[in-house]
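As a plain string of letters, each chain reads:
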Amino acid sequence: GATIIDHMYSIRMIETERHGIVKGAYHFLHLGSPIEDQLKIFFKTVSWAQGDLPPALDVEVENEIQKYGVDVLQSMTLEWLQKVEKKLGVRPVIYTRESIRNKYVNDSRFKQYQFWIARYSERGPDNFDWQIWQKTEQGQINGHKGNVDINLFRGNYESFMKYLDQ
């Protein structure tokens, strides 16, 4: 949103590069904060370079959608996506739960954007238009205490590298 900044972002990006991990950034959309303020913080904090994951807009707070309305959600989402694409030169993706995608952003204005769908199950999303699937938030990796998200790319290694090269 317009209030929370990851003050460790720069260090995290340096460390991911140092360890050969593909890096990326996401923005958690808050409908109660002006979109211009949210964009200002995003651009001040985030860097993007060829070979990084496309920036992701996290759209998932259903109680905010109920409070502010679908029109506000859709207009703020589109404005963020369009301004990020224009400034960074890469088309962002929309990260959301499958139910929110189906109910609120299943609109022709979003057809040009790829989706990163959170669906915690053994079966992938039912939608045909997802590019990344967040399968679980209960993953484990060596060297990290606690759970991590596990995400799957829809394609093979070669198509993933092309995806990063867009």
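The model shown is predicted, which means the values in this text are computed figures rather than measured ones.

### Let's talk about empty space enclosed by the protein
Reasoning step 1: Across all of its chains, the model carries two cavities of 30 Å³ or more by this definition.
Reasoning step 2: Computed from the structure, the largest cavity encloses a volume of approximately 40 Å³.
Reasoning step 3: In terms of lining, the largest cavity is formed by L29, L31, D58, V59, E60, V61, E64, I65 and L73.
Reasoning step 4: For the lining of the largest cavity, the per-class residue count stands at six nonpolar, no polar and three charged.
Reasoning step 5: Forming the boundary of the second largest cavity are Y9, G24, A25, V46, S47, W48, D52, L53 and P55.
Reasoning step 6: Split by residue class, the lining of the second largest cavity holds six nonpolar, two polar and one charged.

### Examining the packing of helix 2 (residues 35–45) against helix 4 (residues 70–88)
Reasoning step 1: Between helix 2 and helix 4, the least distance of the axes is 10 Å, while the angle of their chain directions is 35 degrees. In the packing of helix 2 onto helix 4, the handedness of the crossing is right-handed. Across the interface between the two elements, I35, E36, Q38, L39, F42 and F43 of helix 2 pack against M76, E79, W80, K83, V84, K87 and L88 of helix 4.
Reasoning step 2: The residue makeup of the contact of helix 2 with helix 4, split by class, is eight nonpolar, one polar and four charged.

### A look at the pairing of strand 5 (residues 130–139)
Consecutive residues of a regular strand have side chains that alternate between opposite faces of the sheet.
Reasoning step 1: With four bridges joining them, strand 4 (residues 115–118) and strand 5 adopt parallel strand pairing. In the strand pairing of strand 5, I117 is matched with W133.
Reasoning step 2: Of the pairings in the sheet, the one linking strand 5 to strand 6 (residues 148–153) comprises five bridges and is antiparallel in character. Bridge assignment links Q134 to a residue of strand 6, and that residue is N151.

### Focus on the layout of surface pockets
Reasoning step 1: Volume-wise, the largest pocket comes out at about 1800 Å³.
Reasoning step 2: In terms of lining, the largest pocket is formed by 44 residues, of which the most central are M13, G24, Y26, W116 and D149.
Reasoning step 3: When contributions to the lining of the largest pocket are tallied by element, the ones reaching two or more residues are helix 1 (9–18), strand 1 (26–28), helix 2, strand 2 (56–58), strand 5, strand 6 and helix 6 (157–164).
Reasoning step 4: Partitioned by chemical class, the residues of the lining of the largest pocket number 24 nonpolar, 13 polar and seven charged.

### Here's the deal with the sheet that holds strand 5
Reasoning step 1: One open sheet accounts for six strands, arranged 1-2-3-4-5-6; its pairing is mixed. At either margin of the open sheet sits one strand with a lone partner, and together these are strand 1 and strand 6. In this sheet, neighbouring strand axes are inclined to one another by 25 degrees on average, regardless of whether the strands run parallel or antiparallel.
Reasoning step 2: Strands in contact with helix 6 are strand 3 (93–97), strand 5 and strand 6; relative to strand 6, the strand with the most contacts, it is inclined by about 100 degrees.

### Quick word on the packing of aromatic side chains
Reasoning step 1: Applying the stated criterion across every chain yields a total of six aromatic pairs.
Reasoning step 2: With centroids separated by 5.0 Å and ring planes inclined at 65 degrees, the aromatic side chains of F42 and W80 adopt a geometry described as edge-to-face. With F42 in helix 2 and W80 in helix 4, the pair connects residues that are 38 residues apart, well separated along the chain. A single burial state applies to F42 and to W80, both of which are buried.
Reasoning step 3: Arranged with centres 5.2 Å apart and planes meeting at 50 degrees, the rings of F153 and Y163 form a pair that is tilted. In this pair, F153 sits in strand 6 while Y163 sits in helix 6, placing the two residues 10 residues apart along the sequence.
Reasoning step 4: Using a relative accessible area of 19% as the deciding quantity, one classes F153 as buried.

Thresholds, definitions, all that
- Residues numbered from 1 in each chain as written.
- Predicted model: local features only at pLDDT ≥ 70, side-chain atom pairs only at ≥ 80, totals over all residues.
- Heavy atoms only, no water.
- 1 Å grid on protein atoms, 1.4 Å probe; cavity = no way out; pocket = protein on both sides within 12 Å on 5 of 7 lines; lining within 4 Å.
- Points joined across faces, edges and corners; volume = space filled by probe spheres on them.
- Nonpolar A, V, L, I, M, F, W, Y, C, P; charged D, E, K, R; others polar.
- Axes fitted to C-alpha atoms, helices over the stretch in contact; angles between N-to-C directions.
- Helix = DSSP H or I, 4+ residues; strand = E, 2+ residues; numbered from the N terminus.
- Left-handed = near helix turned anticlockwise from the far one by under 90°.
- Contact = heavy atoms within 4.5 Å.
- Pairing = 2+ DSSP bridges.
- Phe/Tyr/Trp six-rings, centres within 6.5 Å; stacked < 30°, edge-to-face > 60°.
- Buried < 20%, exposed > 50% of the residue type's maximum accessible area, 1.4 Å probe, protein only.

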